[in-house]
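Read off the chains here:
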Amino acid sequence: MNRQVPNGQNKNRALPGKKSPDFHQSDSQTQFLKKLRRHRYAVQCARVLILVLFLILWEGCARRGIIDSFIFCSPSRIALCFRDMVADRSIFLHIGVTLYETVVSFLLVTVCGIFAAVLLWCSRGLSEVLEPYLVVLNSLPKSALAPLLIVWLGATPTTIIVAGMSVAIFGSIMNLYTSFAAVDKEKLKLIFTLHGNRRHALFKVVLPGSVPAVISNMKVNIGLCLVGVVIGEFLAARSGLGYLIIYSSQVFKMDWLLMSIVLLCIMAMGLYAVIGVVEKIYRKRF
C-alpha cells in the first residue's frame with residue numbers, strides 16, 4: 001500500500017545536484033571567503049602601490065637631478081610625448097602595425113604548431129627523425145635569422161611576421177607534441193578496442209584532452225611572437241613600435257624610446273589578458 005505524502009512535506013527537499021533553498025554557508029566558510037577576498041584585494045593594492053611609488057621616485061629623481069633626465073627621461077615627459085603623438089595621431093599607426101603583425105604571427109604559429117604536432121603524433125617515425133632538428137632550431141638565436149630573412153623576403157611586413165613566427169613555432173611544436181604523446185593510454189586503448197582508428201583517437205581523445213595545454217602554449221606564444229615582431233621591426237620596418245625604438249635611439253629622443261617600451265609592455269599585458277579570458281570561458285563551459 002502506497003503511503004500518501006502530506007502536502008508541503010517535500011517542498012524544502014533539494015533536487016539532486018542543486019542546493020537546498022534554505023542552504024546557508026557556515027561561519028567558517030564565510031570567514032574563509034572573506035579572507036580570500038581580502039588577500040586578493042591586498043595583492044592588487046600592493047601591485048598598484050609598487051608601480052605608483054616607482055613612478056614617484058623616478059619623477060622625483062629626474063626633477064632633482066639625481067639622475068640625468070636627458071638619458072633616463074621622466075614619467076611626465078613620457079606622458080607629454082604620448083599626448084603629443086596622440087594629438088597628431090602618429091602613435092596609432094605604430095601601435096596598429098605592431099599589433100597587426102603580432103596577432104597574425106600568433107595565429108599562424110597556433111595553427112601551424114597544432115598541425116605539425118598532429119603530423120608528428122600520427123607518424124612516430126617522422127617524429128623520431130625530426131626531433132633533433134626541432135631541438136636545434138628551437139635553440140638557435142632567432143635574432144640571427146632576421147638578417148637572412150630580410151635577404152630572402154625583403155624589407156616587407158611579411159618578413160616581420162615570419163620573424164615573429166620563427167621565435168615561437170619550434171618550441172610550440174615540441175610542447176604540443178609532448179602534450180599529445182602524454183594523453184591517457186587507457187583511453188586510447190579503449191578507442192582501439194571499440195574498433196576505432198587513429199582519426200577517432202585524435203578527435204575524441206588527443207585533441208580534447210590537450211586543450212588546456214594548447215591554451216597554456218598560446219599564453220607563452222603571444223609574448224614570444226611580440227618579441228619576434230619587435231626584432232623584425234628593428235631591422236626591416238618603416239613603422240611600428242620596434243621601428244620607433246630604433247629611430248628614437250638614433251636621434252636621442254629618449255622620451256619616444258621609453259614611451260614605446262611602455263606601450264609594448266601594455267600591449268603584452270593586454271594580449272595575455274585576452275588569452276586568459278579565453279581560458280576562463282573554456283573552463284566555465286567544460
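Located above this text is the structure these notes cover.
This section reports on the structure supplied with the text. (Residues numbered from 1 in each chain as written. Predicted model: local features only at pLDDT ≥ 70, side-chain atom pairs only at ≥ 80, totals over all residues. Heavy atoms only, no water.)

## Here we look at the packing of helix H3 (residues 75-87) against helix H4 (residues 90-122)
Move 1: Closest axis-to-axis distance for the H3/H4 pair is 5 Å, and the angle between their directions is 95°. Taken together, the axis directions place H3 and H4 in an arrangement best described as roughly perpendicular. On H4, the residues that touch Phe82, Met85 and Val86 of H3 are Ser90, Ile91, Phe92 and His94.
Move 2: In the contact of H3 with H4, the residues fall into 5 nonpolar, 2 polar and no charged. (Axes fitted to C-alpha atoms, helices over the stretch in contact; angles between N-to-C directions. Helix = DSSP H or I, 4+ residues; strand = E, 2+ residues; numbered from the N terminus. Parallel < 35°, antiparallel > 145°, perpendicular 65-115°, else oblique. Contact = heavy atoms within 4.5 Å. Nonpolar A, V, L, I, M, F, W, Y, C, P; charged D, E, K, R; others polar.)

## Some points on helix H1 (residues 27-64)
Move 1: Between its terminal C-alpha atoms H1 stretches 54 Å, which fits the 56 Å expected from 38 residues at 1.5 Å a residue.
Move 2: Residues of H1 that are buried include every one of Trp58, Glu59, Cys61 and Ala62, and no others.
Move 3: Against helix H2 (69-72), H3 and helix H12 (254-285) lie the buried residues of H1.
Move 4: Looking one or two residues past H1, Gly65 carries a phi angle of roughly 80°, positive in sign. (Expected span 1.5 Å × (residues − 1). Buried < 20%, exposed > 50% of the residue type's maximum accessible area, 1.4 Å probe, protein only.)

## Some words on the packing of aromatic side chains
Move 1: Here the structure, examined in full by the defined rule, presents 3 aromatic pairs.
Move 2: Where Tyr243 meets Tyr247, the ring centres are 6.1 Å apart and the plane angle is 20°; that geometry is what we call stacked. Here Tyr247 and Tyr243 lie together in helix H11 (residues 241-250), a separation of 4 residues that amounts to about one turn.
Move 3: Tyr243 sits in the partly exposed class, given a relative accessible area of 24%.
Move 4: Here Tyr247 falls in the partly exposed class, since its relative accessible area comes to 33%. (Phe/Tyr/Trp six-rings, centres within 6.5 Å; stacked < 30°, edge-to-face > 60°.)

## Structural notes on a positive patch on the surface
Move 1: Together, Lys34, Lys35, Arg37 and Arg38 make up a region of like positive charge exposed at the surface.
Move 2: Inspection of the secondary structure puts Lys34 in helix H1. (Patch = residues over 30% accessible without salt bridge, like charges linked within 9 Å, V, L, I, M, F, W, Y side chains within 5 Å. Areas by Shrake-Rupley, 256 points an atom, 1.4 Å probe, with all protein chains shown as cover. Salt bridge = Lys/Arg side-chain N within 4 Å of Asp/Glu carboxyl O. Lys, Arg positive; Asp, Glu negative; His and termini not counted. Charge placed at Lys NZ, Arg CZ, Asp CG, Glu CD.)

## Overview of the environment of Ser105
Move 1: Checked against the element boundaries, Ser105 lands in helix H4.
Move 2: For Ser105 and Ile161, which are 56 residues apart along the polypeptide, the C-alpha to C-alpha distance reads 5.2 Å.
Move 3: Apart from residues lying up to four places away in sequence, Ser105 is in contact with Ile161, Gly164, Met165, Cys225 and Val229.

## Describing the nonpolar core
Move 1: The biggest cluster of nonpolar side chains holds 48 residues, and the ones touching the most others in it are Ile91, Val206 and Met259.
Move 2: Elements supplying a minimum of two residues to this core: H3, H4, helix H7 (157-181), helix H8 (185-193), helix H9 (198-209), helix H10 (211-236), H11 and H12.
Move 3: When residues in this core are grouped by element, the largest group, 9 residues, is from H12.
Move 4: When residues no more than four places from it in sequence are discounted, the contact partners of Ile91 are Phe82, Met85, Val86, Leu241, Leu244, Met259 and Leu263. (Core = buried A, V, L, I, M, F, W, Y, C linked by side-chain atoms within 4.5 Å.)

## Topic: unusual backbone geometry
Move 1: A positive phi is found at Cys73, a non-glycine position, where the angle reads about 60°.
Move 2: Structurally, Cys73 can be placed in the loop between H2 and H3.
Move 3: Judged by relative accessible area, Cys73 falls into the buried class, the value being 0%.

## Quick word on the pattern of salt bridges
Move 1: Within the structure shown, the criterion is met by 4 salt bridges.
Move 2: The salt bridge involving Arg83 is made with Asp84; its shortest N-O contact spans 3.6 Å.
Move 3: By relative accessible area, which is 44% here, Asp84 ends up partly exposed.
Move 4: Taken together, the shared-partner salt bridges connect Lys219, Glu279 and Arg283 into one network.

## Points about a nonpolar patch on the surface
Move 1: On the surface, a nonpolar cluster with roughly 590 Å² of combined accessible area is contributed by Phe115, Leu119, Leu126, Val129, Leu130 and Tyr133.
Move 2: Mapped by element, the contributors of at least two residues to the nonpolar patch are H4 and helix H5 (124-139).
Move 3: With 4 residues, the top contributor of residues to the nonpolar patch is H5.
Move 4: You can see Leu130 is positioned in helix H5.
Move 5: For Leu130, a relative accessible area of 33% translates into the label partly exposed.

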